[in-house]
Structure formats: structure tokens, C-alpha cells
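# Observations on the three-dimensional arrangement
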Amino acid sequence: MDQPQPDSPIDVVTTQLTLQADGVVAVRLQRPDRAPLPAWAAGAHVDVILPVGITRQYSLMGDPEDRTSYTVTVLQQPTSRGGSEYVHLFLRPGQRIAVSAPRNHFPLEPAPEHLLIAGGIGITPLLAMAREATARGEAWTLHYGGRSRRTMAYADALRAEHGERVHLWPEDERGRMPLDGLLADRRPGARVHCCGPEALLNAVRTTAAEHGWPEDAVHFERFAPTVHAHAPDRPVTVLAARSGVEVLVGEDESLLDGLLRAGVRMTSSCRSGVCGACQTGVLEGEPDHRDDILTTAQRDANAVMMPCVSRARGERIVLDA
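My aim in this report is to walk through the structure given alongside it, one point at a time. (Residues numbered from 1 in each chain as written. Predicted model: local features only at pLDDT ≥ 70, side-chain atom pairs only at ≥ 80, totals over all residues. Heavy atoms only, no water.)

### A few points about the overall build of the chain
When helices and strands are tallied, the chain shows 8 helices and 18 strands. At 20 Å, the chain has a C-alpha radius of gyration in line with the 20 Å of a compact globule built from 321 residues. Dimensions of the chain, computed from the C-alpha atoms along their principal axes, are close to 55 × 50 × 35 Å. Total accessible area on the chain is roughly 15,000 Å²; 49% of this is exposed by carbon and sulfur atoms. If the 33 positive side-chain charges of the chain are averaged to one point and the 41 negative ones to another, these points end up 4 Å apart. (Helix = DSSP H or I, 4+ residues; strand = E, 2+ residues; numbered from the N terminus. Rg over C-alpha atoms; globule rule 2.2 N^0.38 Å. Areas by Shrake-Rupley, 256 points an atom, 1.4 Å probe, with all protein chains shown as cover. Lys, Arg positive; Asp, Glu negative; His and termini not counted. Charge placed at Lys NZ, Arg CZ, Asp CG, Glu CD.)

In C-alpha cells, the structure reads:
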């Protein structure tokens, strides 16, 4: 594995902003010279680095074959910490910002059939998934819920493009999505891909387990960290093997911050275990995984960890950094 290096931000210009639903705007981004952007696949996201120093993660949507632009969709959050507020109130065509290269911890795994479940702005990564599954010739259905039709971005476009495979669940018209009925029909080899509010993710996880879905057949995308219960933090010695640096990380700082303090070059972004930017190989020791990305099998393998939130179960750990 190569030495992790900080991402070099990609300078882009905002070329179009389009209102897609109440409080939802699509932002089209291109390089100033219109050169091709890095390739991506369904499920990928980028960091959007705004001029005010705020960085947020947004799913890519549209056609991955079209590398002339990226499109992200931003919901205006009433409790915004500044990211969505800036996009909706201040971002304008012609303004330059920056993005990271795409990362993908939510890929559309090959399967004979896919059940796609979206809530609200969680529809964005599933747009490309629907197109990719269609291109592969794999069966799929999409169930998309929202408070009302006027808040459900891309609902009409999805029905126009994909017809009866798209099922809309505006809560004020039809009530909540019937997860129990949807997940009861479990077919061999099928996979679930779900993105949306935390309440929806938890409901899908619980209902899928009740109906016997294998854990590795149910996939989630989230951009808000789960609150994990864990033992009290304690100091840990971290050896960055490739850098030849050993540092004692205090109980009040993350492994990532301790490594950065010691001069180890590390890539990072969300610092909350949801984006995967800081993923690092584990050479020795047992991680205490606290991220929202790795599957149970990946955690059991202990081959990688997210040092922005995860720690070590012992007093020392050796990382490929």
C-alpha cells in the first residue's frame, strides 16, 4: 500500500444551480478549463470545500460516463452548521470552490436483484445506482419516501425514466413506507441499498434483520455519525510504520490528531467516521472500530481502520502510515 497522502483539492467552478424541490438545489461543477474530472461510479461522494472553510460530503449523481462535470444536490437544513446555508444563500454560478477526488464506500455490488430505499435527500446516490443496475441488466425496484411530493427531488424524473420500477411514498398522501412488507419478500442473492435519515436507516436495519436478510446484503450510506457506546478512552502508542514515527496519543485526542501532531502526513475530511478519507491499514494490534463505514466482516478482519474516531483495544497499535 502506498503512503497515504493528503488529497489535492480540485479547483472547480459552479456552472449551474437548479431548484429541484422545496429547499433542494442541484449544483453543477466543472473545471475552469473544462478538463475531465476524475472517474467515479454509483454510490461515490466528494468533499465540497466551500470558500468559508467549511467542508461537507455530498453524493455524486448523474452519468458517471460524463466526466465534464460533477453534480451534487444539497438540502437546506434548518439546523445547518453553515454548509447547506452557504450553498443556498451565497453560492452562485461562476463562483470557484474546490472538491476532493471521489470516494466510494457505498458501491452497487453485483446482484441479480436490488431493493433501493431512499428517504428525502438520500435519493441522490440511488439515482446513479438505478441507472447502473439497468445498464448491467440487473433487476431493481426503488422505494422513495418524503414528507410530501414538493419536497421529493427528482421524483417526476425518476418515474419518467424508469416507470413502474419507481415507487413514491409521499407521507402526506400515502403514509410511511411499508418497510415490513418490502423486506419480507427476500429473494436469494438480492441486496438492499438504503440512504436517508437516521430513523429510516435504523428501521431498515432492524426490519431486514427480522426478516433474515444477511448483514452483508444490506448496505447503508450516512453522512452523520452514529453515537457509539465504548469503553473510556486511554492513552495509546501508535507506530506509523512507513513514516518511522512513534507517538503517544493522549486520551483526549484522536489517533489521527496524534499522528498529525507528530508530523505524519494523513488524509482526512469529516473527522467523524463517515467519509472514509483517513482509512489506514493496520499492521499490528487490534482496533476499537467506531466508524460508520466498515462492515462487520471488515471489522473482524482488522485490516484497516478510521483513525479519526477509532482507537486501539490494547496499549499499542502499528499502522501503515
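Structure's up, so let's keep going.
### A word on helix α6 (residues 198-210)
It helps to recall that an α-helix has 3.6 residues per turn; residues three or four apart then point in one direction. Relative to the 18 Å expected for 13 residues at 1.5 Å per residue, α6 spans 18 Å between its end C-alpha atoms, a close match to the ideal helical length. Buried-residue contacts for α6 involve β7 (113-119), α5 (179-184), β10 (191-195) and β11 (218-221). Of the residues trailing α6, Gly 212 is marked for its positive phi of about 80°. (Expected span 1.5 Å × (residues − 1). Contact = heavy atoms within 4.5 Å.)

### Structural notes on the environment of Thr 151
Inspection of the secondary structure assignment puts Thr 151 in the loop between β8 (139-146) and α3 (155-162). Dropping the residues within four chain positions of it, Thr 151 is found in contact with Ala 21, Asp 22, Val 24 and Gly 146. There is a polar contact of 2.8 Å between the side chain of Thr 151 and the backbone oxygen of Ser 148. (Polar contact = N/O pair within 3.5 Å; in protein donor to acceptor, adjacent residues only side chain to side chain.)

### Observations regarding the sheet that holds strand β6 (residues 96-99)
Here 6 strands make up an open sheet; going across it, the order is β4-β3-β6-β1-β2-β5 and the pairing antiparallel. Looking at which strands have only one partner, the edges of the open sheet turn out to be β4 (55-59) and β5 (70-75). Across the sheet, the axes of successive neighbouring strands diverge by a mean angle of 40°, strand direction being ignored. Where strand β3 (residues 45-49) and β4 come together, 5 bridges link them in antiparallel fashion. Bridging from a neighbouring strand, Ile 49 pairs with Thr 55 of β4. (Pairing = 2+ DSSP bridges. Axes fitted to C-alpha atoms, helices over the stretch in contact; angles between N-to-C directions.)

### What about the side chain of His 88?
Relative to the helices and strands, His 88 resides in helix α1 (residues 83-89). Residue His 88 is classed as buried on the basis of its relative accessible area of 17%. Separated by 2.9 Å, the side chain of His 88 and the backbone oxygen of Val 74 make a polar contact. Ignoring anything within four residues of it in the chain, the contact list for His 88 reads Gly 23, Val 24, Val 25, Val 74, Leu 75 and Gln 76. (Buried < 20%, exposed > 50% of the residue type's maximum accessible area, 1.4 Å probe, protein only.)

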